[in-house]
Amino acid sequence: MPVLNRETSKDKGGDNALPKLPLPELPDTLARYQRCVKHLLTEEQFHRTKAIVQQFGAPGGVGEHLQQKLKERSEKTANWVYEYWLNDMYLNNHLPLPVNSSPAMVFPPQHFGGPSDCLRFAAHLISGVLDYKTLLDARALPVDYARGQLAGTAMCMEQYYRLFTSYRLPGPHRDTLVAQESCVMPEPEHIIVACKNQFFVLDVVINFRRLNERDLLTQLERIVRMADSEEERLPPIGLLTTDGRTEWAESRAVLMRESTNRDSLDMIERCMCLVCLDDASGPEISDSTRATLMLHGGGPGKNGGNRWYDKPMQFIIGADGCCGVVCEHSPFEGIVLVQCTEHLLKYMYGSPSKLVRAASVSELPAPRRLRWKCTAEIHKLLSASADKLHRLVRNLDMNVYRLDVYGKEFIKKQKMSPDAYIQVALQLAYYRCHGRPVSTYESASIRRFREGRVDNIRSATPEALAFVKAMTDGKLSSSDKEKMELLQGAIAAQTKYTILAITGMAIDNHLLGLREMARELKMEMPEIFKDEAYVISNQFILSTSQVPTTVEMFCCYGPVVPNGYGACYNPQSDHIVLCVSSFHDCPQTCSADFSKAVERALMDMKELCNTNQQKQPEPRQGAESKGKSTASEGELSKNQASLPKVVVKTADPVPGGR
Ligand code: COA
């Protein structure tokens, strides 16, 4: 995870001072590709793939031609893969953003005494956003330096500057990531507050003065009163943004026919972020429930329409204390999101709310409700979007699990990379549940390079397979010593791939670049990209990501294929938080079972390490819970209850508070 240093990217000569993303050599990528897929294919499939790859890489062949073109592209552009990657990963994907694309950070549960506490929390948070925005506007954010593997390198900061200035515009064929570049006229500075499916413009700078927390609270109170008025209520237009991207692009075109709607869309598209004041969602607030509520709002009957998914940052503040942030993923990665939210939470922990009595309330113009002119056609579209969201909500199977027995310190003591160790545990868990290895994605940051985003660590290595087979053959044919050697081999292979990926030498971006170059040159698609192996290797049944935090919160996201798992983990010194997602309508997957299998894998690996150190084996704290290896929701809530809370300290009662 990156650490903060006081040097800003301006001091360092900006991101232009960073090296460009290198272009791997073609033969290296083709050899690695074959190594990555061989054990995921039948012998017959691999035989065919080998011949196809050989032909592609032959001297003077298509591969070399495309490689040459990529070389030219890398000379002309800041980052040869950025645009290809952005389109492939996000903008060409037509699936609805909630669950399928937008990750969420879940804050510790808040204990609001009543609605006024909730609004104070919101005002404090917005005040933190404005504080952070001041740093961003001055481009004064301290540069991140890599930690962990190859620590110490400066990281590209560009993603931060998109947090509050971009917007994902739906398109019939492809979405567009719109960035508001600062120009001569400063952009209007406003936040959109969503409350009871209504949208309100909250200007945060009035008469060249940034609103203080007291002002913000006053405005939020006004918004809540306006939203409460039933006769003024407008249809939940935000639901349209939860739909497939093509459907939303079509609905948006219908909305745009009315000038009232155009004005409202314009205000939303140019806002800094959304603050969604959610109604309470029901009695059960386990970690898993909170994660789902952050991802989809509970559906059209709850807070599903109280969102605008195209906007990168939507802070959610539930009346029941269920809070977090859901993000449109195309402008930035989870690590940047963590840094931003940690800044905000630390701002809130560190600075008591400044709800001092300030300037007269009447000086502030009232916030404005956004108006929508809704034809029968729009009502019909809304109802179709609501149905689809309802199905998505019912289909999401989320399990948040916390392993309290040990964390990354134990793993480091074994002289192993904690990230690699957890990845191997995920491989073991999947194999135990499904009896085969599957193509696995782990995001690896390439922010060491200009405009760097991520590449893929293909964690289903042959070495991991050898280890999981030894652990699961049921015949106890391998001794503990052999198993330990296989574990070490699996971790070494995983660590080696990690280093390849973070230094820009992994295969996924390169293969994507070659494929997209062929498309750009309007060539017939080379066989290698039509081959079954390529399709299989790009179906990431396990989609995994490490998102570590230093503040008590966790990240979650949905699976990327219908029969897959999303597995996001947050390794801490003495515990590991794991969020597993899958779809109920897939008969092969079950998030709770997978979490249990990960726990078992982690416990078995710990025991193996202990045994091999020839120490007195530590008591297996998880042993008693073998039958119920996943901590129950009740236990999770208990753990959570002991976490630090963001406390909103108010010096004096708020006049007019609800
Ligand atoms: N022995 C002892 N300690 C070791 C070790 C070993 N063999 N190998 C690693 N460690 C230590 C590291 O020094 C580090 O120590 P620190 O906690 O004091 O910094 C710690 O273990 C963690 O290192 P490791 O587990 O190897 O992982 P990492 O921090 O290098 O992370 C990635 C690896 C791939 C997750 C990281 O490089 C990355 O790319 N992160 C971004 C992921 C991302 O983008 N997520 C969001 C997607 S939306």
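In case you missed it, the structure is sitting above this.
Let us look at the pairing of strand E17 (residues 542-546). Most of E17 is tucked away, with four of its five residues classed as buried. Where strand E15 (residues 440-445) meets E17, three bridges bridge the pair, whose relative direction is parallel. Opposite threonine 440, over in E17, you have leucine 542 as the bridge partner.

Next up on the list: helix H5 (residues 115-137). Helix length check: H5, at 23 residues, gives a terminal C-alpha distance of 33 Å against a target of 33 Å (1.5 Å per residue), a fit within 8%. Of all 23 residues in H5, 17 are buried; the element is thus mostly enclosed. Arginine 139, located one to two residues past H5, shows a positive phi value of around 45°.

This paragraph deals with the site of the ligand. If you check the shell around the ligand, you find 26 residues, and the closest are Gln149, Ser417, Pro418, Asp419 and Ser445. Within the side chain of lysine 408, an N or O atom sits 3.1 Å from an oxygen atom of the ligand. In the model, an oxygen atom of the ligand is placed 3.2 Å from a nitrogen or oxygen of the proline 418 main chain. When isolated, the ligand has an accessible area of 970 Å², and the protein chains bury 78% of it. Residue contributions to the shell around the ligand peak at four residues, all from E15. Grouping the amino acids of the shell around the ligand by side-chain chemistry returns nine nonpolar, 10 polar and seven charged.

It is worth spelling out the sheet that holds strand E11 (residues 313-318) at this point. Ordered in space as E13-E7-E6-E10-E11-E12-E2-E18, the eight strands form an open sheet in which the pairing is mixed. Each having just a single partner strand, strand E13 (368-369) and strand E18 (554-556) make up the two edges of the open sheet. This element, helix H8 (residues 259-269), spans strand E6 (190-195), strand E7 (198-203) and E13 of the sheet and lies at about 110° to E6.

Here we come to the packing of aromatic side chains. Ring pairs (aromatic) are described by centroid distance and by the angle formed between their planes. In total, this model carries 13 aromatic pairs according to the counting rule given. Aromatic pair tryptophan 308 and tryptophan 372: ring centres 5.8 Å apart, planes at 5°, arrangement stacked. Taken together, the residues tryptophan 308 in the loop between helix H9 (287-296) and E11 and tryptophan 372 in the loop between E13 and helix H11 (376-395) connect sequence positions 64 residues apart. The residues tryptophan 308 and tryptophan 372 share a single accessibility class, namely buried. Arranged with centres 6.3 Å apart and planes meeting at 85°, the rings of tyrosine 406 and tyrosine 421 form a pair that is edge-to-face. A residue pair is termed long-range when its members are at least 10 positions apart, and tyrosine 406 in the loop between strand E14 (396-403) and helix H12 (408-413) and tyrosine 421 in helix H13 (residues 418-434) qualify at 15 residues. The pair formed by tyrosine 406 and tyrosine 421 is uniform in burial state, with each residue classed as buried. By way of ring pairs, the aromatic residues Phe199, Trp248, Trp308 and Trp372 are connected into one cluster. Above the ring of tyrosine 161, the side-chain terminus of arginine 139 is found at 3.9 Å from the ring centroid. Above the ring of phenylalanine 410, the side-chain terminus of lysine 606 is found at 5.3 Å from the ring centroid.

Conventions we followed
- Residues numbered from 1 in each chain as written.
- Predicted model: local features only at pLDDT ≥ 70, side-chain atom pairs only at ≥ 80, totals over all residues.
- Heavy atoms only, no water.
- Buried < 20%, exposed > 50% of the residue type's maximum accessible area, 1.4 Å probe, protein only.
- Helix = DSSP H or I, 4+ residues; strand = E, 2+ residues; numbered from the N terminus.
- Pairing = 2+ DSSP bridges.
- Expected span 1.5 Å × (residues − 1).
- Near = heavy atom within 4 Å.
- Polar contact = N/O pair within 3.5 Å; in protein donor to acceptor, adjacent residues only side chain to side chain.
- Areas by Shrake-Rupley, 256 points an atom, 1.4 Å probe, with all protein chains shown as cover.
- Nonpolar A, V, L, I, M, F, W, Y, C, P; charged D, E, K, R; others polar.
- Contact = heavy atoms within 4.5 Å.
- Axes fitted to C-alpha atoms, helices over the stretch in contact; angles between N-to-C directions.
- Phe/Tyr/Trp six-rings, centres within 6.5 Å; stacked < 30°, edge-to-face > 60°.
- Lys NZ or Arg CZ within 6 Å of the ring centre and 35° of its normal.

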